[in-house]
Amino acid sequence: MAHKKGFYEKYIKRPQDFLCASFALVVLSPVMAVTGLLVKKKLGSPVLFIQDRPGKDGKIFKLNKFLTMRDKRDGQGNLLPDKDRLSTFGQKLRETSLDELPELINIWKGDMSVVGPRPLLVRYLPRYNDHQARRHEVKPGFTGLAQIHGRNAIGWDEKFNWDVWYVDHISFLGDWKIILKTVVAVFKREGISAEGHVTMPEFLGNELPEATEEKEV
């Protein structure tokens, strides 16, 4: 069933996102400034990790995050595995979700929403089945149902099912419940990574085994 916007999504959700992002950018600007200085000191420049991600209807935008990995390479110039590049400092940023704060800029610009399916990698687009692809019927979010139901500790199928359920059940109260539960989850530092992985194993499709690690999710 194709997604149909209700009154909240048509007239309230975007202004609410803009106001929330504007308020958060002002209030958290000192935190972001200090975090940026620490990233520069610990990991070097640039302090932001910027990557193409698919948004609503698969439209590509530039996602902003604080850098959490060093640019370590092997003798052939290839990047080392995530676990060898993620510093203790970078891990702390991820545990506290401070690395995600620059995404507030994406919300302010309209690339993202406060609540929605998380923006994943561009190369995943052709790997979704029709059901999973429905997660792109709405803007990606800073947080979402999958993030309060296990985050990276749950499998891809469960994650995508939560995303699609959200697409079909967007509401004002639902969004604020997700936001409040996200705050609790961040303080508890729950679901930061899948077992045996820095973040999540890569999504290779619906008939292939999961294998390599995803970069900077």
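Small disclaimer: the values here were computed from a predicted structure and weren't measured. (Residues numbered from 1 in each chain as written. Predicted model: local features only at pLDDT ≥ 70, side-chain atom pairs only at ≥ 80, totals over all residues. Heavy atoms only, no water.)

1. Quick notes on the side chain of D163
The condition is simple: Where helices and strands are cited, they refer to DSSP runs of H or I of at least four residues and of E of at least two residues respectively, numbered from the N terminus. Note on contacts: a residue pair qualifies if any of its non-hydrogen atoms lie within 4.5 Å across the two residues.
If you trace the backbone, D163 turns up in helix 7 (residues 156-168). Here D163 is in contact with P117, R135 and A146, once residues within four sequence places are set aside.

2. Things to note about the confidence of the model for the chain
Worth spelling out the cut-off: pLDDT measures the predictor's confidence residue by residue and takes values from 0 up to 100.
Confidence along the chain averages 88 in pLDDT terms, with 84% of residues attaining 70 or more. Here residues 208-217 is modelled with pLDDT under 50, and outside its nearest four sequence neighbours on either side it reaches 41 contacts, counting other chains as well.

3. Details of unusual backbone geometry
Going by this rule: Relative accessible area decides the class of each residue, using a 1.4 Å probe on protein chains only: under 20% of the type maximum gives buried, over 50% gives exposed, and in between gives partly exposed.
Along the chain, S45 connects to P46 via a cis peptide bond; the corresponding omega equals -5°. Inspection of the secondary structure puts P46 in the loop between helix 1 (7-43) and strand 1 (48-54). One non-glycine residue, D57, adopts positive backbone phi at about 60°. By the secondary structure assignment, D57 is in the loop between strand 1 and strand 2 (60-66). Its relative accessible area of 61% is what places D57 among the exposed residues. Phi is positive for S97, which is not a glycine, with a value near 65°. Overall, the relative accessible area of 13% leaves S97 in the buried class.

4. Digging into the packing of aromatic side chains
Using the following cut-off: What counts as a ring pair is set by centres within 6.5 Å for rings of Phe, Tyr and Trp (its six-membered ring), and what kind of pair is set by the plane angle: stacked under 30 degrees, edge-to-face over 60, tilted for all other angles.
Under the criterion given, the structure shown has ten aromatic pairs. Both rings, one in Y124 and one in F203, keep their centres 5.8 Å apart while their planes meet at 70°; by these two values the pair is edge-to-face. Of this pair, Y124 sits in the loop between strand 3 (113-115) and helix 5 (130-133) while F203 sits in the segment after helix 8 (172-188), and the two are 79 residues apart along the sequence. For the pair formed by Y124 and F203, the shared burial category is buried. A centroid spacing of 5.7 Å and a plane angle of 20° characterise the contact between Y128 and F203, whose relative ring orientation is stacked. Note that Y128 is positioned in the loop between strand 3 and helix 5 and F203 in the segment after helix 8, a separation of 75 residues in sequence.

5. Focus on the pairing of strand 1
To keep it simple, the criterion reads: In this analysis, strands are considered paired if DSSP registers two or more bridges between them.
As paired elements, strand 1 and strand 2 share seven bridges and run antiparallel to each other. Across the sheet, the residue bridging to I50 is N64, located in strand 2. Where strand 1 hands over to strand 2, the hairpin turn is made up of five residues, of which D57 adopts a positive phi near 60°.

6. Let's talk about helix 7
Put simply, the rule is: An expected span of 1.5 Å times one less than the residue number is assigned to each helix. When we speak of the arc, we mean the arc of directions from the helix axis to the C-beta atoms.
Between the first and last C-alpha of helix 7 there are 19 Å, a value that for 13 residues agrees with the 18 Å anticipated at 1.5 Å per step. W156, K159, F160, D163, V164, Y166 and V167 are the residues of helix 7 that are buried. The buried residues of helix 7 occupy one face: seen down the axis, they fall within an arc of 155°. At its buried positions, helix 7 is contacted by helix 1, strand 3, helix 5, helix 6 (145-148) and helix 8.

7. Thoughts on the nonpolar core
This is how it is decided: Residues belong to a common nonpolar core when they are buried Ala, Val, Leu, Ile, Met, Phe, Trp, Tyr or Cys residues joined through side-chain atoms within 4.5 Å.
Grouped together as the largest cluster of nonpolar side chains are 26 residues, with contacts concentrated most on V39, L104, I107, V115 and Y166. The element best represented in this core is helix 1, accounting for six residues. Setting aside its immediate chain neighbours within four residues, L104 contacts A21, A24, L25, L28 and M32.

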